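Per-entry structural report
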Amino acid sequence: GDEAGDEAGDEAGDEAGDEAKGEDGASFGDAEKIGDYHFGSVTGAAALADGGVATCGADGTVRGWDLATGAGAWKVDAGGAPLAGSASGSLAAGCDRFAVASEGGVVRVYQSRGAAPRLLLRVRLTVAAPDALAMSPSGTRLAVAGDEKDGCWFVETDSDAARVVGRVAYPINFGRAVAACWTCEDQLLVAGPNATVAVVVPPARGAAGDPADAWAVRAGAEVRSAKVELPLVAVAGAGDSGKFAAIAADRSVRTYVLPASGTTDTLKPRWTAPAGVRKAAIGGLVAAGDGRLAVAAGDGVVSTWSGEKVASSVAAHDSELGGAGAIVACPGGRLVTAGRDGAVVVVAADAGFPEVEVDGALAEVAKRDGTRRRNAPVGSEPADDPTEPVFKDQRPADDGVPEEEEEGKGEGKEAVVVAADADEEDTPEAAAAKAATLENVRALRARLEETINRNEEADELERIPREDLLIDEKFRDELIAEGDERVAAAKEVLARETLYTDYLGAKIKKECWDTMVTHGSAVVGFKDTDLVVYNYPLMVEDKRAKLAKGVAFLRRMEVAEQEYLADQGEIPTEDLFDLRVDLPASAGGGDGKKKKKKTEEEEEEEAAAAAAAAAAKAKSSSYESLLYDMFKVYPPRRKITQMVMLQMATREIRRAFNADYDHMVGVKNGYMDRLGDLNIRIGDIRRELKGWTDTTDDGAPVFVPTIELVEIENAPVTVKDSEIKSQRWLSPEERAKKDAEDAAEAARLAARGANDPSERALKDMMGGQLENDEAGKQAEELPKPDWMLETEPEDYSDEQKKLAREYDKKNKVYQENLLKKRRLLDAELRKTRQEAADIVKTWDQELAEFSARRCDTDARLAQMEAWLIVCANEVEVGADDDVRIELELSEEFRDVTEKKAESAAAVAEFQTVVDAAQKRLDTCVEQDKKLEANFIRALGDIDEDVIKKLLNLYKRRKNPSRKDKTTSRASQSLRAAGRRVSRAGAALRAADKLKSSKGSESLAAAAAAMIAKPPDAEADAAAADNVVLASRVDPFHGAVGGPAAELKHKPRPPPVEPLDPDFDRSEDIREKDWEKLVEHREKKIEKEAELRGIKEDMDEIQSYMFKLTEKDTVLQARIDELEGKIEAHAGARFARMYDFLVPITVRQGLAEAIVPDLTPTGLEVTKAAEADVMLIQRDVVNTLNNSIFKHCEGKVKRLTAIKDFKKGIYDLEWENARLNMEADDLVAKIKELQMTRADSALLPDILYDPMDAKTEEDALSERKKKEMDSLQRRVNHAVKLHARLLADKKKEVQKVRRKIESIASQNEEISLKAAKMRESVSEYERIRDSRAGAAGGKDNADVAAEMKMRSVVSQSKLQHIARAQAEELAVLQDEVERLRLRTFPSFVERTDTVRLPDIHARPTSRRQY
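Small disclaimer: the values here were computed from a predicted structure and weren't measured.

**Notes on the sheet that holds strand 14 (residues 179-184)**
Strand order in the open sheet formed by five strands is 14-15-16-17-21, with mixed pairing between adjacent strands. The sheet is open, and its two borders are formed by strand 14 and strand 21 (266-267), each paired with just one other strand. As judged from the five bridges shared by strand 14 and strand 15 (residues 187-191), these two strands associate in the antiparallel manner. Residue pairing across strands places W182 opposite L188, the latter belonging to strand 15.

Here is the structure:
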């Protein structure tokens, strides 16, 4: 190990020996890699007093290193659990102790004075690894940061022992600790995750926690917290009280000074180096004082710092494996780093880094112990128990436990506190005696292990039971109990896992196996084992199968209906739904005649015909026969039906194949049984022919057929005992039952004489074969008598010679018979083997043919499934996507239509407002125009020049500039009042635009004050400025009525200035005229202001009307767009419905398409169609379709235009006809009014007009005169009109009469034709009856029925024609009567109601004239 360490150190020195320069140019020492002995990462390091270093790692060991040689000095197995970290004190303060913590929360405190360490304390304080571990500089206190609830544990140590003091809780909401360090002997710093540090004053020496309060220490301990800017991930004390260095979460390096007392302010660092640690902010930190730091980071870089600058740095560890985990300063100017990559690297610190000093007394003791105890053995430690309770859950030592019980806990239960060795000043003689004792113990252990091994290897009769070799029965019982506990725990875990597995297995079997009506299996060839044919697994029929049966029934009805319609209505000879199909032949009835006995050929023909009929019937009743033609499934419902039929057809095909598969399985089983019999016979023959050399048998082994695993149907759900590799566990009850069964079987065999020692020895001697090779072999000659065996042939007597000759004859016959028998057996053997070979060959050939059939079935199913996929895709698109899009468009169209209706209603409603406003504007304009005329009319007859002057003053609104400065007090007062009125008006207009009532009241008050004030120019200007200022500071100024862009003030005409009589009145204007001018001018100005306001309102109304109209136009455009989309979608959906994908079958050398059978036979047409089939690219078809669509669009547009033009013509014709009818009605009404005779007494009341008459008498005379003239004119006109209308009606009556005569003549001709036809029919009937016979009776009956049907139809048509003509005559007569009654006034009440369909019925009540 030392040599390997030296070599590793040399290699590391070669690789990392190059000097690295720091930022300030300082030289960094060589890095020497001293060990790779830890298995896994190294998690902690501690400096030792002898100049070495101790490290701990994830392999659960603590190792000491000699830095002078780079070799490992010692190793301690610290419980076997991975170690999470270490902590040590200051060598300068005389600390000779260090601590390590495992992942299981076990803390160990060791004392090392230059030799192997001595365990002072082993205690489990936390359930998992501690969050942080820190030892005070003197080593007398150890802080272990547990979880958030426990807080921080404190341990006191001295040179002989260590004890747990108790725990101190963290501040509220502190969280779990991240890092910890001691800033001085009496101050612990703990960094939390929330950018908070806790400053803890440890308990006083000798203090103890309260076991009743989970070992909480109440006296002597103080805790306060402080905030920092960022969370700290590593901290280290700087030597002075309150000073520490840290690595923050942003990878910056910084230093702090703690305040003397608690503060709530955030601590500010003394200096900060941003991004001082690259990549990962984890690792170790050493603060040596004087602002010097050593940092080992997660990127593997080790650096030294002088203040906030990097003095030197070197890459010492692999950053990919986690970099450095810890760093420690050792004597001799060395820095030792522990890496996550498993390496311990020693780096020579730069010259400016402070060197570690060792206390003199400690150095003396380390030197003495290092020489005396360097080779002393290291005591082994027991493995950590994961179930060991933590310290706070353990019972105190004085809790009433008997002393004997404490002593009998065994070696595996350590005490919480481990005392130091009894005598640390051992002499060399004592040390040698201890080493000798340990050597004796090892020798005894080796002898015991050797004895146990020899006993295990001994013979069964000599082997001593293992329990008899036990020396410590108590320890054996403990082991058995421990084993039983472990077995029970493992059994519980396995039972839970087994239950879970069984549940999953049962669930899978229920859902995937029990739901199958046909399970998957295969049949394998005999010789060709690669020839495997599988069946089709089928699920049980569910509700989908029931639905498919119902669909199939409806489809059969549809097929029957189509067949019936194809036969032109003739009733088929056989009922398609015969309910007697399952009845026996005798139940079908018969004709009662005795059947003639048929010949054999006739029976064969009938059997073949019956088989063909049965096959045709089976095919017609199958689901496949119900499939639609692929070119006729364009409706979505047919596609859905086709999908259901395809699914059931594929299931039907699989079921049919499975039936054939079952037959093939039966055939193979029969072949296997036959092969078994043949093999048995071959074995018997071979035993009989054994030893005969003339046989033709080559002795080749026979073919033994086997059942493969894939051929067993239940193999996937069947588990054989031979498949279970692990040993079955038996409970004590099951083991006892098995032992009893074995004992009973042994007793039964013993009773039968089985297992006899002599027989067992015989079997052993003969290799387990009790028969020899001669067994079963037939003798070559007859057995000789005993005397022939005992006597030589030359010593035979005469009698014996005679017997010998007889024996020779019998032996010769025997040998001849034996030879014949053997030859027969040999021939039988050849025949039997040939038969077996033929069976194997025949089965393989049949299975190959069946495999080809399976391939054809797969191809057929693949084609059907391709059809199914195509139909499913089309249904998905047509029944889902298209319907969804159509619903969306319809819903949007309905919403837009509703909005359009609302918009149209709003436009219509607001149009009334627009009309009212326009009427008001027109009225105001008309009134404004009349004012000027009234003014001129009011002036009367005055001079024209004066009128012109007055009109100019009347129209003037702004006074010209005054050249004369002399004004009267009256004019000044008038102008001041005008200005005040103008300002007040402006103020009031500004006040109207303000939203706050306060502002409105203040502005109104200001305007009133301005009017009431005396004429003061400056005050008036100030008041106006105040009004304008008040309007500008209003927060809602400009927010009235719509967007801000529309609030710009429109240009207004200048304010109207009053007339000044001093300047504007000339001498020729009278006072009276001047007053009229002023009065009418004020009215004109008021009317102009009113007109201007109405125009502004009209502009706003028209603007709003434009918005409503624009909105209505947008909605109408959207409606038109949606209509176009709906129409386009309907067209696309219609086109897609017929654009159906038809799968085609493409074979090698021939591209085929599915051609429909065009005729009932269809063979020649189908062949011709197949010969003319071509496979064309879709691009060519699309190009052709686009060209056709392009040329057809013009034609469609022209046809549409023609249709629309004709539609317009028809509309105009109908409108013209309607207007003509209305004109005729109006003319008739006028005639009726003209022909009305009124009483002369009523005429004054009717013709009286009080507005135009000057006097009542004049009006009466004038009215009588006009009435007489009018009546005379009406009489003359009525006479002329009556004469003209009478002539017209006479002409119409003549036309109607001629038409009646024509129709009557036609009726006579039809009657004559009918009589002739009846005569012909009777003649044909006579001929038919005369030619009627037995053979043609049925045909003549059909012809007679047909002719009778034709005659009935003809007679019915004639009756309909006569009835229609009679109705037409009645209508014409009624029209003639109506026209006759309209030629002159009549008061006869009409009682009939017969009218033409286009003439509306009028009320029958009596008219009032």
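**A few points about the pattern of salt bridges**
Evaluated as defined, the whole model comprises 51 salt bridges. As a salt-bridge pair, K738 and D742 come within 3.2 Å of each other at their nearest N and O atoms. Pair noted here: K738 and D742 are both in helix 9 (residues 732-751), with a separation of four residues, about one helical turn. With a closest N to O distance of 3.7 Å, K1083 and E1079 form a salt bridge. Highlighted residues: K1083 and E1079, both in helix 18 (residues 1071-1138), separated by four residues, approximately one helical turn. Its relative accessible area of 41% is what places K1083 among the partly exposed residues. Among the residues examined, E1079 registers a relative accessible area of 40% and is labelled partly exposed. Several salt bridges converge on common partners, so that one network encompasses R108, R122, D384 and E388.

**Here we look at the sheet that holds strand 11 (residues 141-145)**
With antiparallel pairing, four strands are arranged side by side in an open sheet as 10-11-12-13. Looking at strand neighbours, the two that pair on one side only are strand 10 (132-135) and strand 13 (162-168), the edges of this open sheet. Neighbour to neighbour, the strand axes of the sheet diverge by 20 degrees on average, direction disregarded. In the sheet, strand 10 pairs with strand 11 via four bridges, with the strands oriented antiparallel. Bridging across to strand 11, A132 finds its partner in A145.

**Quick word on the confidence of the model for the protein**
Scored by pLDDT, the protein comes out at a mean of 75, with 73% of its residues at no less than 70. The weakest mean pLDDT in the protein belongs to helix 1 (residues 2-15) at 39; the strongest belongs to strand 32 (residues 532-534) at 93. Contacts of residues 1-30 to residues separated by more than four positions or lying in other chains number 48 contacts, the stretch itself having pLDDT below 50. With pLDDT under 50 throughout, residues 993-1048 is counted as low confidence; its partners more than four residues away or in other chains account for 49 contacts.

**Here's the deal with the packing of helix 6 (residues 543-566) against helix 8 (residues 636-688)**
It is the contact of helix 6 with helix 8, at a shortest axis distance of 10 Å, that shows an interaxial angle of 115 degrees. Here helix 6 runs over helix 8; the crossing is left-handed. Taken together, the residues of helix 8 that come into contact with helix 6 (itself represented by A545, A548, V551, A552 and E558) are R638, T641, V644, M645 and M648. Looking at the contact of helix 6 with helix 8 residue by residue, the class counts come to seven nonpolar, one polar and two charged.

**Description of helix 20 (residues 1178-1234)**
Since one α-helical turn is 3.6 residues long, residues separated by three or four positions face the same way. The end-to-end C-alpha distance of helix 20 is 81 Å, a good match for the 84 Å that 57 residues give at a rise of 1.5 Å each. Remark: the principal bend of helix 20, roughly 25 degrees, maps to C1192.

**A word on the packing of aromatic side chains**
For the coordinates displayed, the defined rule picks out 14 aromatic pairs. Ring geometry for W153 and F391: centres 5.9 Å apart, planes at 90 degrees, overall edge-to-face. Of the two residues, W153 sits in strand 12 (residues 152-157) while F391 sits in the loop between helix 2 (360-372) and helix 3 (403-407), which places them 238 residues apart along the sequence. The two residues W153 and F391 agree in class, both being buried. Look at F910 and Y1104: their rings are 4.9 Å apart centre to centre, the planes differ by 70 degrees, and that puts the pair in the edge-to-face class. Here F910 is found in helix 12 (residues 798-939), whereas its partner Y1104 is found in helix 18, with 194 residues between them in sequence.

**What about the nonpolar core?**
Counting residues in hydrophobic clusters, the biggest one holds 40 residues, and the most contacted among them are F526, M645, W843, L847 and F850. If you list the elements that add at least two residues to this core, you get helix 6, helix 8 and helix 12. Here this core takes 15 residues from helix 8, the largest share from any one element. Counting 20 residues, the second-largest nonpolar core is a separate cluster that includes A87, C95, A101 and A162.

**Quick notes on the packing of helix 13 (residues 944-955) against helix 18**
Put simply, helix 13 and helix 18 touch, their axes get as near as 9 Å, and they point 35 degrees apart. You can see that helix 13 and helix 18 cross each other, and the crossing is right-handed. Residues L950, L953 and Y954 of helix 13 lie in contact with helix 18, whose contacting residues are D1073, W1074, L1077, H1080, R1081 and K1084. When the residues that make up the contact of helix 13 with helix 18 are grouped by side-chain class, the tally is five nonpolar, one polar and three charged.

**Here we look at unusual backbone geometry**
Not every positive phi belongs to a glycine, and A195 is a case in point at roughly 55 degrees. Among the structural elements, A195 can be located in the loop between strand 15 and strand 16 (196-201). A residue is classified by how much of its surface remains accessible, and A195, at 11% relative accessible area, is buried. A positive phi angle, near 70 degrees, is found at R251, a position not held by glycine. Secondary-structure assignment places R251 in the loop between strand 19 (243-248) and strand 20 (253-257). Judged by its relative accessible area of 33%, R251 is partly exposed.

**Looking at the pairing of strand 2 (residues 42-47)**
Judged by how many residues are buried, strand 2 sits mostly within the fold: six of six residues are covered. Where strand 2 and strand 3 (residues 53-57) come together, five bridges link them in antiparallel fashion. Each bridged residue has a counterpart across the sheet, and for A46 the counterpart in strand 3 is A54. The hairpin turn running from strand 2 into strand 3, its antiparallel successor, is five residues long, and G51 in that turn takes a positive phi close to 90 degrees.

**Regarding the pairing of strand 5 (residues 71-77)**
Alignment of strand 4 (residues 61-66) against strand 5, held across six bridges, turns out to be antiparallel. Across the sheet, residue G64 finds its bridge partner in strand 5, namely W74. Here strand 4 folds back onto strand 5, and the loop between the two strands holds four residues, one of which, G70, carries a positive phi near 80 degrees.

**Digging into a positive patch on the surface**
A surface patch of positive charge is lined by K801, K802, R805 and K809. Here R805 shows up in helix 12.

**What to know about the environment of V217**
Note on placement: V217 falls in the loop between strand 16 and strand 17 (222-228). Note on V217: relative accessible area 9%, which makes it buried. Not counting residues within four places of it along the chain, the set of residues in contact with V217 comprises V165, G166, R167, V168, P203, A208 and G209.

Scoring rules and cut-offs
Residues numbered from 1 in each chain as written. Predicted model: local features only at pLDDT ≥ 70, side-chain atom pairs only at ≥ 80, totals over all residues. Heavy atoms only, no water. Pairing = 2+ DSSP bridges. Helix = DSSP H or I, 4+ residues; strand = E, 2+ residues; numbered from the N terminus. Salt bridge = Lys/Arg side-chain N within 4 Å of Asp/Glu carboxyl O. Buried < 20%, exposed > 50% of the residue type's maximum accessible area, 1.4 Å probe, protein only. Axes fitted to C-alpha atoms, helices over the stretch in contact; angles between N-to-C directions. pLDDT = per-residue confidence, 0-100. Contact = heavy atoms within 4.5 Å. Left-handed = near helix turned anticlockwise from the far one by under 90°. Nonpolar A, V, L, I, M, F, W, Y, C, P; charged D, E, K, R; others polar. Expected span 1.5 Å × (residues − 1). Bend = angle between axes of the 7 residues up to and from the residue. Phe/Tyr/Trp six-rings, centres within 6.5 Å; stacked < 30°, edge-to-face > 60°. Core = buried A, V, L, I, M, F, W, Y, C linked by side-chain atoms within 4.5 Å. Patch = residues over 30% accessible without salt bridge, like charges linked within 9 Å, V, L, I, M, F, W, Y side chains within 5 Å. Areas by Shrake-Rupley, 256 points an atom, 1.4 Å probe, with all protein chains shown as cover. Lys, Arg positive; Asp, Glu negative; His and termini not counted. Charge placed at Lys NZ, Arg CZ, Asp CG, Glu CD.

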